[in-house]
Amino acid sequence: MKAHSDTADDLLLRHAAGRLDAGFSLLMDTHLALSAESRTLYAQYEALGGVILDEITPADVDPAALNRALSAIESLKTNKSNNLVHAPRLPAMPECFTQPPPLRMTQIDSWRWIAPGVRSARIALPKGAKSRAFLLEIAPEVTLPRHGHEGEEATCVLKGGFRDRGAHYGPGDIARADERIEHDIVIDPGEPCLCLIAMEGRTRPNSWFGRLYQNFRDI
Amino acid sequence: MSVRSGPETLSAIEASNLINRIAVAKDRQAFALLFAYYFPRVKAYLLRVGVSPGLAEELAQETLLRVWRKAESFNPGAATASTWIFVIARNLRTDGLRSERPYPEPDPSEEPEQPATGETIVACLERRERLRQALGALSTEQARIIELFYFEDLPHSEISNVLGVPLGTVKSRIRLAVQRLRAELEVLEL
């Protein structure tokens with residue numbers, strides 16, 4: 001069994017319940033595009049919402065609501081909604097890498113140098129988002145020094161892979177971290193590792209990498 | 001004036017037929033029946049997750065209008081009517097909270113979707129029954145945690161207050177509850 005299962009379940013449930021902030025929501029949509037196993041589970045968690053809807057005590061409603069809906073239906077015919085989606089903006093991606101559909105629709109800034117072998121690109125989220133999302137590309141065999149977090153963090157591997165405290169993570173896998181967990185990451189040899197990261201809170205600046213990592217905070 | 005309205009029950013098959021009548025014939029009577037059942041429920045769900053009464057009424061209204069508009073895309077082999085409508089309401093709520101979503105939902109057309117057949121519809125209804133059983137098999141506390149996820153828009157710290165246990169324990173119990181639910185689902189899958 002892959003490392004995916006134990007780490008992604010509660011994120012999947014929160015995503016199905018509509019409880020995740022924008023950055024984590026994007027991360028989970030991307031993960032779902034990559035993992036058939038999670039798509040199955042996610043469908044069940046959504047179905048849980050359907051069961052809840054059937055069993056909830058109905059609210060009191062305005063008796064005129066149905067008539068309002070029926071007249072709204074009449075005006076729908078002429079007033080077709082037209083959602084404009086902006087053309088996505090993307091920094092250069094590794095060769096042979098196809099972005100998962102949810103990422104293709106986002107605005108991603110240019111790559112920024114973070115440390116030797118490490119670069120990141122910020123992803124635009126809606127105003128009011130309480131989380132951040134960015135891509136991180138790390139060169140093969142780079143070791144990231146230990147660092148901790150003040151808030152929740154989740155990483156979805158898009159390409160390549162890494163080891164962290166004995167577990168291996170490859171494309172589609174999700175790695176989690178929070179204030180209790182310190183990362184100890186070693187990138188696989190052979191190719192750079194491209195990750196999507198969603199993050200709340202700040203990184204603890206208790207190492208040179210932590211200080212460097214502060215760069216991520218405001219991107 | 002507000003009144004409690006709507007039928008007590010609407011079977012998944014009836015609901016699915018009503019949506020189909022909208023899809024093929026833009027049947028207003030079918031819409032009215034769906035509306036009577038789902039509008040008070042969607043509103044109740046939105047109120048439970050902390051949406052203000054005015055906005056809940058508005059979002060519930062929009063949810064049902066989308067049911068009308070998107071009826072053709074409903075696939076009873078993939079989800080029950082209640083699940084489909086829950087997802088519409090959930091997305092409206094999260095999009096309402098964010099000013100705008102910069103990317104659309106994962107496009108279902110990216111995945112080869114199988115058309116609904118008698119078999120897939122029955123399978124979908126069976127999955128729903130299994131889910132109810134899975135929920136029933138959870139301990140009271142685990143069921144409460146799952147419910148807190150769905151209903152109360154609470155941060156972990158407040159779930160910690162509700163359950164009267166420390167924050168770290170809340171996080172691990174949430175994971176346990178989710179794992180337990182998943183295990184129940186897997187057992188029932190056999």
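Everything that follows concerns the structure shown earlier in this document.
On a predicted model such as this, the values are computed, not experimentally measured, just so you know.

Caption draft 1: A look at the overall build of chain A. Each helix and strand in chain A was counted, giving six helices and ten strands. Out of the 219 residues belonging to chain A, those deemed buried represent 42%. Long-range contacts, defined as pairs at least 24 residues apart, comprise 68% of the intrachain contacts of chain A with a sequence gap of at least 6.

Caption draft 2: Summary view of the interface of chain B and chain A. Tallying the contact residues gives 55 residues for chain B and 51 residues for chain A. When contributions to the side of chain B that touches chain A are tallied by element, the ones reaching two or more residues are helix 2 (28-48), helix 3 (53-69), helix 4 (81-97), helix 5 (118-137), helix 6 (140-150) and helix 8 (167-189) of chain B. At ten residues, helix 2 of chain B tops the list of elements feeding residues into the side of chain B that touches chain A. Grouping the amino acids of the side of chain B that touches chain A by side-chain chemistry returns 26 nonpolar, eleven polar and 18 charged.

Caption draft 3: Region of interest: the sheet that holds strand 8 (residues 174-177) of chain A. Residue and element names in this part refer to chain A. Pairing is antiparallel in the open sheet, where six strands are placed in the order 1-2-3-10-5-8. At either end of the open sheet lies a strand with only one pairing partner, and these are strand 1 (112-115) and strand 8. For this sheet the average axis-to-axis angle between neighbouring strands, irrespective of direction, equals 30°. Along the sheet, helix 2 (residues 22-34) contacts strand 3 (132-138), strand 5 (153-159), strand 8 and strand 10 (193-199); its crossing angle with strand 10, the most-contacted strand, is approximately 140°.

Caption draft 4: Inspection of the environment of glutamate 14 of chain B at higher detail. Residue and element names in this part refer to chain B. Turning to its location among the elements, glutamate 14 is positioned in helix 1 (residues 12-25). Judged by the 16 C-beta atoms lying within 10 Å of it, glutamate 14 falls in the partly exposed class. Residues glutamate 14 and alanine 60, 46 residues apart in the sequence, show an inter-C-alpha distance of 21 Å.

What counts and what doesn't
- Residue numbering note: each chain is counted from 1, following its sequence as written.
- Key to labels: chains lettered from A, ligands numbered from 1, both in the order written.
- Reporting in this predicted model follows two pLDDT cut-offs: at least 70 for local features of residues, and 80 or more for side-chain atom pairs to be given and counted; totals over whole chains, interfaces and linings ignore these cut-offs and use all residues.
- Under the scheme used here, helices are H or I runs from DSSP no shorter than 4 residues and strands are E runs no shorter than 2 residues, and both carry numbers assigned from the N terminus.
- Counting other C-beta atoms within 10 Å of a residue's C-beta gives its exposure: the residue is buried at 20 or more, exposed at 12 or fewer, and partly exposed in between, where C-beta atoms are placed from the backbone.
- Whether two residues are in contact is decided by their C-beta atoms, placed from the backbone, lying within 7 Å.
- Any residue outside Ala, Val, Leu, Ile, Met, Phe, Trp, Tyr, Cys, Pro, Asp, Glu, Lys and Arg is labelled polar, Gly included; the first ten of those are nonpolar and the last four are charged.
- Criterion used throughout: strands pair if DSSP finds at least two bridges between them.
- Angles shown run from 0 to 180 degrees and are taken between the N-to-C directions of axes, each axis being a line fitted to C-alpha atoms and, for helices, limited to the stretch in contact.

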